[in-house]
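Structural overview
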Amino acid sequence: MLDKRKFWKKQDESYELQDQIISIKKQPVPSHIAIIMDGNGRWAKKRALPRIAGHHEGMKVVRKITKLANELGVKTLTLYAFSTENWKRPKMEVDYLMKLPEEFLGSFLPELIEENVRVEMMGYRDSLPSHTVNAVEKAMRDTQNNNGLVLNFALNYGSRSEILDAVKSVLNDCKSGILNENELNEEVFSSYLMTSKHEDPDLLIRTSGEIRLSNFMLWQLAYTEFWFTEVLWPDFSEKHLIEAVREFQNRQRRFGGV
Ligand code: FPP
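The rules behind the values
- Residues numbered from 1 in each chain as written.
- Predicted model: local features only at pLDDT ≥ 70, side-chain atom pairs only at ≥ 80, totals over all residues.
- Heavy atoms only, no water.
- Helix = DSSP H or I, 4+ residues; strand = E, 2+ residues; numbered from the N terminus.
- Rg over C-alpha atoms; globule rule 2.2 N^0.38 Å.
- Contact = heavy atoms within 4.5 Å.
- Areas by Shrake-Rupley, 256 points an atom, 1.4 Å probe, with all protein chains shown as cover.
- Lys, Arg positive; Asp, Glu negative; His and termini not counted.
- Charge placed at Lys NZ, Arg CZ, Asp CG, Glu CD.
- Near = heavy atom within 4 Å.
- Polar contact = N/O pair within 3.5 Å; in protein donor to acceptor, adjacent residues only side chain to side chain.
- Phe/Tyr/Trp six-rings, centres within 6.5 Å; stacked < 30°, edge-to-face > 60°.
- Buried < 20%, exposed > 50% of the residue type's maximum accessible area, 1.4 Å probe, protein only.
- Axes fitted to C-alpha atoms, helices over the stretch in contact; angles between N-to-C directions.
- Parallel < 35°, antiparallel > 145°, perpendicular 65-115°, else oblique.
- Left-handed = near helix turned anticlockwise from the far one by under 90°.
- Nonpolar A, V, L, I, M, F, W, Y, C, P; charged D, E, K, R; others polar.
- Salt bridge = Lys/Arg side-chain N within 4 Å of Asp/Glu carboxyl O.

**Examining the overall build of the protein**
Scanning the protein from N- to C-terminus turns up eight helices and six strands. From first element to last, N terminus to C terminus, the protein shows the α and β order α-β-α-α-β-α-β-α-β-α-α-β-β-α. The C-alpha radius of gyration computed for the protein amounts to 19 Å, which stays within 12% of the reference 18 Å derived for 258 residues, consistent with globular compactness. For the C-alpha atoms alone, the extent of the protein along its principal axes is close to 70 × 50 × 35 Å. A sequence separation of at least 24 residues applies to 78% of the contacts in the protein between residues at least 6 apart. Of the roughly 14400 Å² that the protein leaves accessible, carbon and sulfur atoms contribute 51%. In the protein, 36 side chains carry a positive charge and 37 a negative one; their mean positions are 6 Å apart.

**Section: the site of the ligand**
As a matter of local geometry, the ligand sits amid 17 residues, with Asp38, Gly41, Arg42, Arg51 and Arg89 nearest to it. Within the side chain of Asp38, an N or O atom sits 3.1 Å from an oxygen atom of the ligand. At 3.0 Å from an oxygen atom of the ligand is found a main-chain nitrogen or oxygen belonging to Gly41. Here the ligand has 620 Å² of accessible area as a free molecule, and 91% of this is covered by the chains. Elements that contribute at least two residues to the shell around the ligand include exactly helix H2 (40-46), helix H3 (51-72) and helix H4 (91-114).

**Brief notes about the packing of aromatic side chains**
Counted according to the given criterion, the structure contains 11 aromatic pairs. Aromatic side chains Phe104 and Phe108 sit 5.2 Å apart centroid to centroid with 65 degrees between the ring planes, which places their arrangement in the edge-to-face category. Taken together, the residues span about one helical turn, with Phe104 and Phe108 both in helix H4 at a distance of four residues. For the pair Phe104 and Phe108, one class covers both residues: buried. Both rings, one in Phe104 and one in Phe153, keep their centres 5.9 Å apart while their planes meet at 80 degrees; by these two values the pair is edge-to-face. Taken together, the residues Phe104 in helix H4 and Phe153 in strand S4 (residues 150-157) connect sequence positions 49 residues apart. What makes Phe104 buried here is its relative accessible area of 4%.

**Points about the packing of H3 against helix H8 (residues 238-250)**
For the pair H3 and H8, the least separation of the axes is 10 Å and the interaxial angle reads 40 degrees. Comparing the axis directions of H3 and H8 gives the class oblique. The crossing of H3 and H8 is right-handed. On H8, the residues touching Lys64, Ile65, Leu68, Ala69 and Leu72 of H3 are Glu238, Leu241, Ile242 and Val245. Of the residues in the contact of H3 with H8, the class split is seven nonpolar, no polar and two charged.

**Considerations on the pattern of salt bridges**
Counted under the stated rule, the structure contains 19 salt bridges. When the shortest N-O distance is used, the salt bridge between Lys197 and Glu120 registers 3.4 Å. Residue Lys197 is located in the loop between helix H7 (186-190) and strand S5 (203-206), and its partner Glu120 is located in strand S3 (residues 118-122); the two are separated by 77 residues in the primary sequence. A residue is classified by how much of its surface remains accessible, and Lys197, at 63% relative accessible area, is exposed. Taking the relative accessible area as the measure of exposure, Glu120 reaches 7% and is therefore buried. Close ionic contact of Arg253 with Asp202 constitutes a salt bridge, the shortest N to O distance being 3.0 Å.

The quantities given are spatial measurements derived from coordinates; they are silent on function.
Quick look at the structure:
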């Protein structure tokens, strides 16, 4: 039997969200939002569940937040899904995290295609299992002509390695004459990073109360606005993203000026 009260509550929430979306879009929305999705393990522990249950719940939040970011007109949403340091976790957890992109895209790829989202990834592909890379690459192919939100997964990503690799490529290109060292500037250097196709993030969100960057986009976040919340990632909802964007809209970005 349909629970009418639940149905109407959901309807009300949906209208309220639509109102908030309309109001928030009256001011500039961050073009690129990057998120460190933290707290899945603690969410599970609080419920006496295995850590992977937290990751599974976190995956569902990715869907909601992607949908809202797209509706808000955000151009790029970069999600830190697996860092180069996360291999240190128990094998069972790593194996599960490597299956998540397949699980996510297996369920939601048709929806992403319909919503005009383009899937991309940044990170070291060579050391990822082939089933993980195949799932992401298939989604990238299937969505390559979409021109809505770019959903950029940071998978096996680490910023220090990224910067070091960029430095090595710059040196090589200087040695072979492709690049003149006098032409090297911030813009040229940025083009050697994994984010070469994207603008720098305007807003960084980290959940779960941790106030650190954990080797995420160290170069790219130089002038980004940071927003931290105690909320654990599986509990993160549309209202939290709206709150973060509202606060972003009230900040004064000076980029070093006055
Ligand atoms: C950090 O929480 C979270 C991760 C290392 C994994 C993040 C992955 C997801 C949210 C799902 C991603 C979904 C897709 C579609 C790839 P933690 O485990 O460190 O939490 P804790 O600090 O509470 O232990």
